[in-house]
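# Residue-level structural notes
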Amino acid sequence: PVARVGDVVEVSIDVEAGERRVDGVAAFVDFDPKVFALEGVTSSGRLPLQLFQRRDARGQLDFIVGTFGSYPTGTFPVASLRLRVIGAPVEGAAR
């Protein structure tokens, strides 16, 4: 599918842990702020303690969550991002 200016794109941050028990996840996401505006970050709740979240105008998101209790295994979502398309990618830019 092609996203157009004004569309909202949902991006899922998932963990593939296999049989390992997970007590924390750190996700560092970079995006082009001329193409996308970060509208929101929603934790899945699988790791209920939000330890750190930082966004900046350069298109960087740092998101760290953890738990002291139930340790999930397998494949599971950690968070979802809502990005609004605000511009077209620059021709020849890496994708």
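Residues numbered from 1 in each chain as written. Predicted model: local features only at pLDDT ≥ 70, side-chain atom pairs only at ≥ 80, totals over all residues. Heavy atoms only, no water.

## Concerning the pattern of salt bridges
- The final tally for this structure, using the stated rule, is six salt bridges.
- The residue Glu 10 makes a salt bridge to Arg 82 at a minimum N-O spacing of 3.0 Å. In this pair, Glu 10 is assigned in strand E1 (residues 8-16) and Arg 82 in strand E6 (residues 75-85), connecting sequence segments 72 residues apart.
- On the accessibility criterion, Arg 82 (33% relative accessible area) is partly exposed.
- Notably, a salt bridge pairs Glu 39 with Arg 84, separated by 2.5 Å at the nearest N-O pair. Taken as a pair, Glu 39 in strand E3 (residues 36-43) and Arg 84 in strand E6 lie far apart in primary sequence, 45 residues in all.
- For Glu 39, a relative accessible area of 38% translates into the label partly exposed.
- The class for Arg 84 is partly exposed, based on a relative accessible area of 29%.
- By sharing partners, the salt bridges in this structure join Glu 10, Glu 39, Arg 82 and Arg 84 into a single network. (Salt bridge = Lys/Arg side-chain N within 4 Å of Asp/Glu carboxyl O. Helix = DSSP H or I, 4+ residues; strand = E, 2+ residues; numbered from the N terminus. Buried < 20%, exposed > 50% of the residue type's maximum accessible area, 1.4 Å probe, protein only.)

## What about the side chain of Asp 62?
- Turning to its location among the elements, Asp 62 is positioned in strand E5 (residues 60-66).
- Of the polar contacts made by the side chain of Asp 62, one reaches the side chain of Arg 54; its length is 2.6 Å.
- In this structure Asp 62 touches Ala 27, Phe 28, Phe 52, Gln 53 and Arg 54, once residues within four positions along its chain are discounted. (Polar contact = N/O pair within 3.5 Å; in protein donor to acceptor, adjacent residues only side chain to side chain. Contact = heavy atoms within 4.5 Å.)

## Notes on the sheet that holds E3
- Ordered by their spatial adjacency, three strands build an open sheet running E1-E6-E3, and the pairing between neighbours is antiparallel. The open sheet has two edge strands with one neighbour each: E1 and E3. Pairwise comparison of adjacent strand axes, ignoring direction, gives a mean angle of 25° for this sheet.
- Direction of pairing for E3 relative to E6: antiparallel, over a ladder of seven bridges. Directly across from Gly 40, in E6, lies its bridge partner Arg 82. (Pairing = 2+ DSSP bridges. Axes fitted to C-alpha atoms, helices over the stretch in contact; angles between N-to-C directions.)

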